[in-house]
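If you want the building blocks of each chain, they are given just below.
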Amino acid sequence: QVTLVESGGGLVQAGGSLRLSCAASGRTFRAYIMGWFRQAPGKGRKFVGGVSQTGDITKYIDSVKGRFTISRDNAKNTVYLQMNSLKAEDTAVYYCAADRLGIGVASSQSRYDLWGQGTQVTVSS
């Protein structure tokens, strides 16, 4: 059973930084496309960005481009979300997810079949 566990969330002031980590169990992490999603209070869960299996291709939503960076370390079975210049509107529960069968980094939630439990990020203005 493969599991994903996020960590690194917390409370930060606007303009600050946080790095989220998502650790995967199992030996096939390197075969998965990995995505980050977020769910703001009272809103649906939305795609933030994703990374290909080798880490050479990343995709982001426009609102985080230039501020967020997704990377992965396949030797450590971990994907990261580095968040800089945080804004109040980045406040959300952040989830990592794995696309175990996909080709290409997708933004649709339906492509991701394995999810972490989420970690809260709160940005104070």
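As a convention, each chain's residues are numbered from 1 in the sequence order in which they are written. Per-residue local features are limited, in this predicted model, to residues with pLDDT of at least 70; the limit for side-chain atom pairs, both in listing and counting, is 80 or more; totals at the level of whole chains, interfaces and linings are taken over all residues. Side-chain measures were taken over the full set of non-hydrogen atoms in the model, leaving aside hydrogen atoms and water.

Colleague: Explain the overall build of the protein residue by residue, including any values.
Modeller: Only DSSP runs of H or I covering at least 4 residues are called helices, and only runs of E covering at least 2 are called strands; the numbering of each starts at the N terminus. If you tally the helices and strands in the protein, you get 0 helices and 11 strands. Going from the N terminus to the C terminus, the protein shows its helices and strands as β-β-β-β-β-β-β-β-β-β-β. Computation of the radius of gyration draws on C-alpha atoms alone. For the globule rule, the value is 2.2 Å times the number of residues to the power 0.38. In summary, the protein has a C-alpha radius of gyration of 13 Å against a globular reference of 14 Å for 125 residues, a match within 12%. Dimensions along the principal axes, computed over C-alpha positions, put the protein at roughly 40 × 25 × 25 Å. Put simply, the protein has 125 residues, and 46% of those count as buried. Here, residues are in contact when the closest pair of their heavy atoms is within 4.5 Å. Sequence separation of 24 or more characterises 58% of the internal contacts of the protein that already satisfy a separation of 6 or more. Note on areas: these come from Shrake-Rupley sampling with a 1.4 Å probe, and a residue is covered only by the protein chains present in the view. For the protein, the exposed surface amounts to about 6300 Å²; the carbon and sulfur share of it is 49%. The protein carries 15 positive and 8 negative side-chain charges, and their two centres are separated by 1 Å. Between buried and exposed lies partly exposed: a residue is buried under 20% and exposed over 50% of the maximum accessible area for its type, with that area taken using a 1.4 Å probe on protein chains only. All tallies of charge rest on Lys and Arg as positive and Asp and Glu as negative; His and the ends of each chain are not included. Taken as the charge centre is NZ of Lys, CZ of Arg, CG of Asp or CD of Glu, depending on the residue.

Colleague: Run through the sheet that holds strand 8 (residues 78-83), naming residues and quoting values.
Modeller: Taken together, 4 strands build an open sheet; the order of strands is 1-3-8-7 and the sheet is antiparallel. In this open sheet, the two strands that pair with only one neighbour each are strand 1 (4-7) and strand 7 (68-73). Recorded for the sheet is a direction-independent mean angle of 15 degrees between the axes of neighbouring strands. The rule for pairing is simple: two strands pair if DSSP sees at least two bridges between them. Fitted lines through C-alpha atoms serve as axes, helices being fitted only where they are in contact, and the angles separating the N-to-C directions of these axes extend from 0 to 180 degrees.

Colleague: Got a sec to walk through the state of the cysteines? Specific residues and values, please.
Modeller: For the purposes of this analysis, a disulfide is any pair of cysteine sulfur atoms at a distance within 2.5 Å. In total, this model carries 1 disulfide according to the counting rule given. Disulfide pairing is shown between Cys22 and Cys96; the S-S distance is 2.0 Å. Where Cys22 bonds to Cys96 through sulfur, the torsion about that S-S bond is close to 55 degrees, and the disulfide is right-handed. In this pair, Cys22 is assigned in strand 3 (residues 18-24) and Cys96 in strand 9 (residues 92-99), connecting sequence segments 74 residues apart.

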